[in-house]
Amino acid sequence: MRKQDESTHELPSFARYLNKVFDFRAAAATLTDSRVEPEIPPSTVFLAAFHGFAFRLPSFQQLEAELTQLALQQWIGSPRAFRDDVLRYSLCGFHLQGLEQMLVQVNRTLKRNKALDTGRVQGRIVAALDGIEVLSSYSRCCDSCLERRVVVRQGGVKTEQVQYYHRAVGCQIVSSPCKPFLAIEWLQPGEGEDTAALRLLEKLPDLYGSRFFDILLLDALYAQAPVLKLADRVGWDLVISLKQNQRELYQSAVRLFASRPADGSGTERHDGKEYQFQLWDSEGFPFSADHPQPVRVVRSEEKLTQNHYRRGKLQPETTEHEWLWITTLDSRTFPTTLVRRLGHDRWKLENNGWNDLTQNWAFKHGFLHACRHRPQTASKEGQRTPAAVAGVEDGGIPQTGSAQGERAAIKVAEVESGDCPQSESEQRRRTPVANQGLAAVSLILLLSFTLCSAFIHCHSKLFRRYPMSTIEVARQLRVSLSKLPPNIRAPD
């Protein structure tokens, strides 16, 4: 028998790594939610959700089936098995500050342990920022939903409908094999992605310090004066795609580069593709009339050759592309070829971040869409508590479906109208507040993504020794618990 066949990843090894390096259990014990004296504590709910995400379960219904396993109950510290409704009820009132602090501490530990040093570019850590649409619906909506009008075809006739959706902006380290997400920010109704991105960038120095990373890669949407001012104040260098949204700068650079030959050229091969490129580089362009900060502009004309099947035959095809980037990097330390590479590295966030989360972690499955779950309430003292629903406060399993939501709404309406006499403390608990379920689930998912990546790339010798995928590692950890039921994929 080969060594590869007899050596597998096991959950105890994974748990020991998390507890030893990140003090995982102690951090989970500090998490709180809005329930009053629950039988299933918030730390248990968090560990159950973490288990579901880390081991790539396709739905909360699948997680509910696995919670019948005694080994899993012991690992998450649960006194008994519980249904997915307990997960949903707890997570929709989860306090986000504890989850955000936990993500920050995990990332700080990774940097302190030099896990982010591998892959540095000229000694610099590189991060990228971009947005993603998570969920959309034509029927369900909440106070945090964004709206747009979409043309759809019904019965052969085009009609315009209002679509509700959620969109977020995230920042991820892309220079290291371990690619942790630093933070995520949700777009609010009436604002654009650039507004949420600037809010996230302003928050990062407070969370991590000014120089947690050194270079920030951005899309053309973020080529704005406030972003350059913030980066200059914090000390980040920028590489930003340049397109027609900065029309004066774009046209000035194109005219200048068209009047002289290329400054350099080269050929590159990787992933079965061949790139032939010519490069232009010039400094001293004023960014805009309102913000005349001098910037450096790099242009790349590229010919991409790759093989495609055409009529059953593999044939090479060549396409031409043009790229322009704005950068604040010094030309003596970062030559033109390196700026070009950094400009293309922004796609690592799309490929190794959002796409990985979507395809392999079910990020868009809608485990807990905020539009679908009951509201929460808060006391006058500011403590968030759940709406009074029979069968929940006493630790029982809450009912599902619209009946429970209707009953909760009726009770709240009775209190507000005075038809149902209540004590003063009960009345204080019935002020509606926003539902944070979607944000809580996303933070737990990003924690799972970061910790699993750290375990695989920084700890696992089997992963480095044998050719296996990260999905295979997750399967081995899951199977190490016990014989588990088949996958249950719930509809979105």
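Residues numbered from 1 in each chain as written. Predicted model: local features only at pLDDT ≥ 70, side-chain atom pairs only at ≥ 80, totals over all residues. Heavy atoms only, no water.

A. Representation of the overall build of the chain. A count of helical and extended segments in the chain gives 18 helices and 13 strands. In the chain, which comprises 492 residues, the proportion classed as buried is 50%. Restricting to contacts in the chain with at least 6 residues of sequence separation, those with at least 24 account for 67%. By element, 48% of the accessible surface of the chain is carried by carbon and sulfur atoms, the whole surface being about 23,400 Å². (Helix = DSSP H or I, 4+ residues; strand = E, 2+ residues; numbered from the N terminus. Buried < 20%, exposed > 50% of the residue type's maximum accessible area, 1.4 Å probe, protein only. Contact = heavy atoms within 4.5 Å. Areas by Shrake-Rupley, 256 points an atom, 1.4 Å probe, with all protein chains shown as cover.)

B. Representation of the confidence of the model for the chain. Scored by pLDDT, the chain has a mean of 81; 82% of the residues are at 70 or more. When pLDDT is averaged over each helix and strand of the chain, the minimum, 39, is found for helix α14 (residues 402-417) and the maximum, 95, for helix α8 (residues 96-112). The low-confidence segment residues 1-5, where pLDDT is below 50, has five contacts with residues more than four positions distant or belonging to other chains. The model gives residues 373-421 a pLDDT under 50, and that stretch makes 93 contacts with residues more than four places away or in other chains. (pLDDT = per-residue confidence, 0-100.)

C. Expanded view of helix α12 (residues 336-345). Burial analysis of α12 places seven of its 10 residues in the buried class, which makes it a mostly covered element. Looking at α12, one finds that the buried residues are T336, L338, V339, R340, L342, G343 and D345.

D. Structural context of the packing of aromatic side chains. Under the definition given, this model contains 17 aromatic pairs. When the centroid spacing of 4.7 Å and the interplanar angle of 45° are considered together, the rings of Y208 and F212 count as tilted. A single burial state applies to Y208 and to F212, both of which are buried. Centroid distance F257 to F285: 6.4 Å. Interplanar angle 70°. Geometry classified as edge-to-face. Pair noted here: F257 is in helix α11 (residues 247-258) and F285 is in strand β8 (residues 273-286), with a separation of 28 residues, a long-range link. Overall, F257 belongs to the buried group, its relative accessible area being 1%. (Phe/Tyr/Trp six-rings, centres within 6.5 Å; stacked < 30°, edge-to-face > 60°.)

E. Representation of the environment of R140. Along the chain, R140 falls in the loop between β1 (126-137) and β2 (146-154). The spatial distance from the C-alpha of R140 to the C-alpha of Y165 is 9.2 Å, given a sequence separation of 25 residues.

F. Layout of the nonpolar core. Core analysis: the largest hydrophobic core is formed by 132 residues, its most contacted members being F46, L129, L204, F213 and L216. Excluding residues within four positions of it along the chain, L129 makes contact with V169, G170, C171, A197, L200, L201, L216, L217, L218, Y222 and L349. (Core = buried A, V, L, I, M, F, W, Y, C linked by side-chain atoms within 4.5 Å.)

G. Fine view of the packing of helix α9 (residues 193-208) against helix α10 (residues 225-234). With their axes 11 Å apart at the nearest point, α9 and α10 run at an angle of 5° to one another. By the angle between their directions, the pair α9 and α10 is classed as roughly parallel. For the pair α9 and α10, the contacting residues are L198, L201, E202 and P205 in the first and P226, V227, L230 and V234 in the second. (Axes fitted to C-alpha atoms, helices over the stretch in contact; angles between N-to-C directions. Parallel < 35°, antiparallel > 145°, perpendicular 65-115°, else oblique.)

H. Inspection of the pairing of strand β4 (residues 181-186) at higher detail. Along β4, six of the six residues are buried, which leaves the element largely enclosed by surrounding structure. Bridge analysis of strand β3 (residues 157-173) against β4 gives five bridges, and the strand direction is antiparallel. Considered in β4, the bridge of Q172 is made with F181. (Pairing = 2+ DSSP bridges.)

I. Examining the packing of helix α2 (residues 11-22) against helix α16 (residues 437-458) more closely. Remark: α2 packs on α16, axes separated minimally by 11 Å, with the N-to-C direction vectors making an angle of 100°. It follows that α2 is roughly perpendicular to α16 by the angle criterion. Within the contact between the two elements, α2 uses S13, F14, Y17, L18 and F22 and α16 uses L451, C452, A454, F455 and C458. Its residues assigned to classes, the contact of α2 with α16 comprises nine nonpolar, one polar and no charged. (Nonpolar A, V, L, I, M, F, W, Y, C, P; charged D, E, K, R; others polar.)

J. Unusual backbone geometry, seen in detail. Even without being a glycine, D23 presents a positive backbone phi close to 50°. Tracing the chain through its elements places D23 in the loop between α2 and α3 (24-29). Even without a glycine there, the phi angle at E37 is positive, about 45°. Among the structural elements, E37 can be located in the loop between α3 and α4 (42-54). Note on E37: relative accessible area 72%, which makes it exposed.

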